[in-house]
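# Architecture and fold: a report
Read off the chains here:
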Amino acid sequence: KTRRSYHVPEHWQMVRISPGCISPSRTEIRWMALHFPGQVWVIGNEPDVIWQDNLPANEYAQVYHDLYTLIKRSDPHAQVAVGAISQPTPLRLQYLNEVLATYAQQYGTPLPADWWTVHAFVLNEERGSWGVDIPPGMPEIDQGTVYSIYDHGTPDIFADYLFKFRAWLAENGYQDTPLAVTEFGILMPEEYGFSPEFVAQYLTLTFNILNTASDDKIGYPADDNRLVQRWAWFSLADRVYPNSNLVNLRSGELTPAGSSFRDFIINQRP
């Protein structure tokens with residue numbers, strides 16, 4: 001059985017990518033990998049979102065291959081993670097299907113990954129509407145999963161995401177790969193109906209789901225078939241989307257969500 005730790009934070013490296021741009025540069029990545037071995041490298045942040053990394057699936061597959069190869073050659077002990085899509089809806093899984101198909105076609109092997117990552121926001125998928133729009137490289141599609149603002153804070157949808165993404169991983173040969181939910185939370189402001197108390201309760205509910213969700217058919221065998229091995233709430237203190245912040249950095253005080261975070265950690269037993 002895997003010994004689970006609830007009290008040790010981890011820092012992972014992220015490479016931001018966009019059409020024609022990689023940050024940090026390949027030279028800087030190689031230097032970091034050589035001088036700080038054994039790190040986890042996440043390749044991209046929401047490549048499926050037009051105002052994030054905004055990379056069509058075929059281009060993401062190519063960039064992932066190049067950076068995976070660069071990192072592994074520089075540090076064989078490094079772990080490389082697939083960058084997170086914004087939410088595991090059917091439309092976003094279609095995007096990932098294209099990533100896998102492109103990779104296999106171009107390189108003659110399944111896409112290698114030490115980790116898979118995913119974000120678990122509940123956001124609308126309509127071209128030109130609120131939410132996360134349509135992934136780049138899909139001009140023929142104008143609508144995916146349609147959500148209301150109220151759906152944004154629905155724990156049942158969040159839980160369903162985890163099972164559907166783990167099922168997708170199992171179907172594609174990645175059941176034995178650990179999964180990290182690297183962003184989730186409430187992005188919508190209080191005036192849309194998401195009070196600090198609502199956010200705090202949502203944190204507790206989703207943390208409990210993440211901590212207990214398992215399935216002996218699709219879960220990660222090395223972790224007692226749990227669905228998720230790491231997770232990160234969004235965010236500690238973000239200025240653009242502050243409604244889920246855990247702390248007010250000016251006052252040094254925890255928000256209601258921060259208090260819920262603290263209470264959850266204190267009550268855990270490895």
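Scope of this entry: the structure provided in the associated data block. (Residues numbered from 1 in each chain as written. Predicted model: local features only at pLDDT ≥ 70, side-chain atom pairs only at ≥ 80, totals over all residues. Heavy atoms only, no water.)

One can find His 35 in helix α1 (residues 26–35). With a relative accessible area of 47%, His 35 lands in the partly exposed category. Here the alpha-carbon distance between His 35 and Asp 75, two residues 40 residues apart in the chain, equals 8.9 Å. (Helix = DSSP H or I, 4+ residues; strand = E, 2+ residues; numbered from the N terminus. Buried < 20%, exposed > 50% of the residue type's maximum accessible area, 1.4 Å probe, protein only.)

This part takes up the packing of α1 against helix α2 (residues 57–74). Between two packed helices, both the angle of their axes relative to each other and the distance between the axes serve to describe the pair. Two numbers describe how α1 lies on α2: the axes approach to 8 Å, and their chain directions differ by 35°. Note that α1 runs across α2; the crossing there is right-handed. Within the contact between the two elements, α1 uses Arg 26, Ile 29, Arg 30, Ala 33 and Leu 34 and α2 uses Asp 66, Leu 67, Leu 70, Ile 71 and Ser 74. Split into classes, the residues belonging to the contact of α1 with α2 amount to six nonpolar, one polar and three charged. (Axes fitted to C-alpha atoms, helices over the stretch in contact; angles between N-to-C directions. Left-handed = near helix turned anticlockwise from the far one by under 90°. Contact = heavy atoms within 4.5 Å. Nonpolar A, V, L, I, M, F, W, Y, C, P; charged D, E, K, R; others polar.)

This brings us to unusual backbone geometry. Between Ser 23 and Pro 24 the backbone carries a cis peptide bond, its omega angle lying at 0°. Positionally, Pro 24 belongs in the loop between β2 (21–23) and α1. The omega angle of the peptide bond from Phe 234 to Ser 235 is 15°, so this bond is cis rather than trans. A positive phi angle, close to 55°, is found at Asp 133, a residue other than glycine. Even without being a glycine, Asn 225 presents a positive backbone phi close to 65°.

Right, let's get into the side chain of Asp 133. Tracing the sequence through the fold places Asp 133 in the loop between β5 (115–119) and α4 (155–171). It is Arg 127 that comes nearest to the buried, bridge-free Asp 133 among opposite-charge side chains, at 4.3 Å. From its side chain, Asp 133 meets the backbone nitrogen of Gly 128 in a polar contact 2.8 Å long. In contact with Asp 133, other than residues within four places in its own chain, are Ile 50, Trp 51, Arg 92, Asn 124, Glu 125, Glu 126, Arg 127 and Gly 128. (Lys, Arg positive; Asp, Glu negative; His and termini not counted. Salt bridge = Lys/Arg side-chain N within 4 Å of Asp/Glu carboxyl O. Polar contact = N/O pair within 3.5 Å; in protein donor to acceptor, adjacent residues only side chain to side chain.)

A few words on the pattern of salt bridges. According to the stated counting rule, one finds 10 salt bridges in the structure shown. Among the salt bridges present, the one from Arg 92 reaches Glu 125, with a minimum N-O distance of 3.0 Å. One end of the pair, Arg 92, is in helix α3 (residues 90–107); the other, Glu 125, is in the loop between β5 and α4, with 33 residues separating them in the sequence. For the pair Arg 92 and Glu 125, one class covers both residues: buried. Salt bridges sharing common partners tie together Asp 48, Arg 92 and Glu 125.

This brings us to α3. Helical periodicity: at 3.6 residues per turn, an α-helix aligns residues three or four positions apart in one direction. Look at α3: 25 Å from first C-alpha to last across 18 residues, which is about the 26 Å you get at 1.5 Å a residue. All buried positions along α3 are accounted for by Leu 91, Arg 92, Leu 93, Tyr 95, Leu 96, Val 99, Leu 100, Thr 102 and Tyr 103. Next to the buried residues of α3 lie α2, β5 and α4. Phi for Gly 108, located one or two positions after α3, is positive at around 70°. (Expected span 1.5 Å × (residues − 1).)

The next point concerns the pairing of strand β4 (residues 79–84). Side-chain positions along a regular strand alternate between the two faces of the sheet. By the criterion of burial, β4 is predominantly enclosed, with five of the six residues buried. Note that strand β3 (residues 40–45) and β4 share five bridges and pair parallel. By the bridge assignment for β4, Asn 45 is matched with Ala 84. Traced from β3 through α2 to β4, the parallel crossover comes out right-handed. The parallel pair β4 and β5 is bridged by α3, and the resulting crossover is right-handed. (Pairing = 2+ DSSP bridges. Right-handed = clockwise from strand over helix to strand, strands pointing away.)

What follows concerns α4. Counted at 1.5 Å a residue, the expected span for α4 with its 17 residues is 24 Å, and the 25 Å between its end C-alpha atoms agrees. Structurally, α4 contributes buried residues whose contacts are with α3, β5, β6 (179–183) and α5 (196–212). Once α4 finishes, Gly 173 follows within two positions and takes phi at roughly 90°, a positive value.

Once that is clear, we can look at the sheet that holds β5. Reading across the sheet, the seven strands line up as β2-β1-β3-β4-β5-β6-β7 and stay open at both edges, with mixed pairing between neighbours. Looking at the sheet topology across the chains shown, the edges are occupied by β2 and β7 (230–231). One ladder, built from four bridges, connects β5 with β6; its direction is parallel. Paired with Trp 116 across the bridge in β6 is Leu 179.

Scanning the entire structure with this criterion turns up 22 aromatic pairs. With 5.5 Å between their ring centres and 70° between their planes, Phe 207 and Phe 261 make a pair best called edge-to-face. Of the two residues, Phe 207 sits in helix α5 while Phe 261 sits in helix α6 (residues 256–266), which places them 54 residues apart along the sequence. When its relative accessible area of 1% is taken as the criterion, Phe 207 is described as buried. Through a chain of ring-to-ring contacts, the aromatic side chains of Phe 158, Phe 184, Tyr 202, Phe 207, Trp 231, Trp 233, Phe 261 and Phe 264 assemble into a single cluster. (Phe/Tyr/Trp six-rings, centres within 6.5 Å; stacked < 30°, edge-to-face > 60°.)

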